[in-house]
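Take a look at the letters that make up each chain.
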Amino acid sequence: MSDVRIFHNPDCGTSRNTLALIRHAGIEPTVIEYLKTPPTKNELGTLIAAMSIPVRALLREKGTPFDRLGLASDHWTDDQLLDFMLAHPILINRPVVVTLLGVKLCRPSEAVLEILPVPKLEPFTKEDGEVVIDDGRRRA
């Protein structure tokens, strides 16, 4: 199903678990390693708008230049924050998944279940051994 996309970082456990959950659903998504192929400013803005979150909510702090760049300050505009994310893609929180049912920042990884266009899944075991039970609820 090529209409499922994941903005993925293979070094991130949450991102790997989300990708594995999508594949567990029988879907082979388009995988975009956003650190190698960052989205455009327009695409990033469109994803944020589709998630109905503030730009700042997509900023990742841990393991990024967030503190060094002074991004905790509230004087930065949304446009400036987008520019920082494009200049330093590691600042983009992940994974972001796009399906026909919506766009979602999938933290924790099981958040992807809400937007998977498939029926209820069998239990799934994450890398750390945690079992994810799908309640079958999806966005309409």
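Residues numbered from 1 in each chain as written. Predicted model: local features only at pLDDT ≥ 70, side-chain atom pairs only at ≥ 80, totals over all residues. Heavy atoms only, no water.

Asks: What is the right way to look at the pairing of strand β3 (residues 96-99) in this model?
Replies: Each regular strand carries side chains that alternate between the two faces of the sheet. Of the two faces of β3, the one lined by V96 and V98 and the one lined by V97 and T99 are each fully buried. Two elements, strand β1 (residues 5-8) and β3, share three bridges in a ladder whose sense is antiparallel. Across the sheet, residue F7 finds its bridge partner in β3, namely V96. Relative to strand β4 (residues 102-105), β3 is paired through four bridges, and the arrangement is antiparallel. If you follow V96 over to β4, its bridge partner there is L105. Here β3 folds back onto β4 in antiparallel fashion, the turn holding two residues. (Buried < 20%, exposed > 50% of the residue type's maximum accessible area, 1.4 Å probe, protein only. Helix = DSSP H or I, 4+ residues; strand = E, 2+ residues; numbered from the N terminus. Pairing = 2+ DSSP bridges.)

Asks: Looking at this structure, how should I read the sheet that holds strand β2 (residues 30-33)?
Replies: Hydrogen bonds between backbone groups are what pair the strands of a sheet, and the pairing can be parallel or antiparallel. Taken in spatial order, the four strands of this open sheet run β2-β1-β3-β4, and their pairing is mixed. Edge positions in the sheet fall to β2 and β4, since each has one partner strand and no second. Neighbour to neighbour, the strand axes of the sheet diverge by 15° on average, direction disregarded. Relative to the sheet, helix α1 (residues 13-24) contacts β1, β2 and β3, its axis offset from that of β1 by approximately 160°. (Axes fitted to C-alpha atoms, helices over the stretch in contact; angles between N-to-C directions. Contact = heavy atoms within 4.5 Å.)

Asks: Sorry if this is basic, but what is going on with the nonpolar core here?
Replies: Grouped together as the largest cluster of nonpolar side chains are 23 residues, with contacts concentrated most on L58, L71, M85, L91 and V96. Sorting the residues of this core by element identifies α2 (41-51), α3 (78-87), β3 and β4 as the ones contributing at least two each. For M85, the contacting residues outside a window of four places in its chain are L44, I48, V55, L58, L59, L91 and I92. The next biggest cluster of nonpolar side chains, apart from the first, holds 18 residues, and it includes I6, C106, V112 and L113. (Core = buried A, V, L, I, M, F, W, Y, C linked by side-chain atoms within 4.5 Å.)

Asks: Which parts of the structure should I look at to understand the packing of aromatic side chains?
Replies: The relative placement of two aromatic rings is captured by the distance of their centres and the angle of their planes. Across all of its chains, the model carries one aromatic pair by this definition. Pairing W76 with F84 gives two aromatic rings, centres 4.8 Å apart and planes at 85°, and the pair type is edge-to-face. Given the relative accessible area of 16%, F84 is considered buried. (Phe/Tyr/Trp six-rings, centres within 6.5 Å; stacked < 30°, edge-to-face > 60°.)

Asks: Got a minute to help me understand the packing of α2 against α3 in this structure?
Replies: What describes two packed helices is the angle between their axes and the distance between those same axes. Where α2 meets α3, the closest approach of the two axes is 10 Å, and the angle between their N-to-C directions is 115°. Like other packed secondary-structure pairs, α2 and α3 cross with a definite hand, here right-handed. Seen from α2, the contacting residues are K41, L44, G45 and I48; seen from α3, they are D79, L82, D83, M85 and L86. Here the residues of the contact of α2 with α3 sort into five nonpolar, one polar and three charged. (Left-handed = near helix turned anticlockwise from the far one by under 90°. Nonpolar A, V, L, I, M, F, W, Y, C, P; charged D, E, K, R; others polar.)

Asks: I would appreciate a short explanation of the pattern of salt bridges in the present structure.
Replies: One side chain can pair with another of opposite charge once the charged atoms of both are near each other. Tallied over the entire structure, the rule returns 12 salt bridges. Between K41 and D79 there is a salt bridge, and its shortest N-O distance comes to 2.7 Å. Highlighted residues: K41 in helix α2 and D79 in helix α3, separated in sequence by 38 residues. For D79, a relative accessible area of 42% translates into the label partly exposed. Among the ionic pairs, K126 bridges to E110, the shortest N-O distance being 2.6 Å. In this pair, K126 is assigned in the loop between β5 (124-125) and β6 (131-132) and E110 in the loop between β4 and β5, connecting sequence segments 16 residues apart. For K126, a relative accessible area of 10% puts it in the buried group. Beyond isolated ion pairs, a larger network of salt bridges with shared partners links K41, D79 and D83. (Salt bridge = Lys/Arg side-chain N within 4 Å of Asp/Glu carboxyl O.)

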